[in-house]
Amino acid sequence: MPPWKTALNDEAIAGVLTFIRRSWGQDADPVTVATVAEARAETAKRDEPWSDADLEELVQSLTAVPARK
């Protein structure tokens, strides 16, 4: 699937991610617009598909996102 670099703004993505998170019964804090903006800034130049390892590394690098256990 091609990237959606401009299809949704940071606020819309944060809302969708929060909805998905809560749909699965998690009661964690909402995903913030700042977290989405930080993730976009760190990945702005990426032009290749993501692997599971790539995504785990990204999560670890984002200061606003707690690491998964």
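Structure's up top.
Residues numbered from 1 in each chain as written. Predicted model: local features only at pLDDT ≥ 70, side-chain atom pairs only at ≥ 80, totals over all residues. Heavy atoms only, no water.

(A) Representation of a nonpolar patch on the surface in the model. On the surface, V16, L17, F19, I20 and W24 cluster together into a nonpolar patch covering about 570 Å² of accessible area. Following the sequence through the fold, V16 ends up in helix 1 (residues 10–23). (Patch = residues over 30% accessible without salt bridge, like charges linked within 9 Å, V, L, I, M, F, W, Y side chains within 5 Å. Areas by Shrake-Rupley, 256 points an atom, 1.4 Å probe, with all protein chains shown as cover. Salt bridge = Lys/Arg side-chain N within 4 Å of Asp/Glu carboxyl O. Helix = DSSP H or I, 4+ residues; strand = E, 2+ residues; numbered from the N terminus.)

(B) Broad picture of the packing of aromatic side chains. A full pass over the atoms with the stated rule returns 0 aromatic pairs. Lying across the ring of W50, R46 places its NZ or CZ 3.8 Å from the centre. (Phe/Tyr/Trp six-rings, centres within 6.5 Å; stacked < 30°, edge-to-face > 60°. Lys NZ or Arg CZ within 6 Å of the ring centre and 35° of its normal.)

(C) Expanded view of helix 2 (residues 33–43). Turning to helix 2, its buried residues are T35, V36, A39 and T43. Buried residues of helix 2, seen end-on, are gathered within an arc of 100° and therefore sit on one face of the element. Relative to its buried face, helix 2 has exposed residues pointing more than 90 degrees away, namely A34 and A41. Where the residues of helix 2 are buried, they touch helix 1 and helix 3 (52–61). (Buried < 20%, exposed > 50% of the residue type's maximum accessible area, 1.4 Å probe, protein only. Arc of directions from axis to C-beta. Contact = heavy atoms within 4.5 Å.)

(D) The packing of helix 1 against helix 2, seen in detail. Where helix 1 contacts helix 2, the two axes come as close as 8 Å, and the packing angle between them is 110°. As judged from the angle between their axes, helix 1 and helix 2 are roughly perpendicular. Between helix 1 and helix 2 lies a crossing of right-handed hand. Here helix 1 contributes D10, E11, I13, A14 and L17 to the contact with helix 2, which in turn contributes V33, V36, A37 and R40. Here the residues of the contact of helix 1 with helix 2 are counted per class, giving 6 nonpolar, no polar and 3 charged. (Axes fitted to C-alpha atoms, helices over the stretch in contact; angles between N-to-C directions. Parallel < 35°, antiparallel > 145°, perpendicular 65-115°, else oblique. Left-handed = near helix turned anticlockwise from the far one by under 90°. Nonpolar A, V, L, I, M, F, W, Y, C, P; charged D, E, K, R; others polar.)

(E) Geometry of the environment of R40. Note on placement: R40 falls in helix 2. Its relative accessible area of 26% is what places R40 among the partly exposed residues. A sequence separation of 30 residues divides R40 from D10, and the C-alpha atoms of the two residues are 8.5 Å apart.

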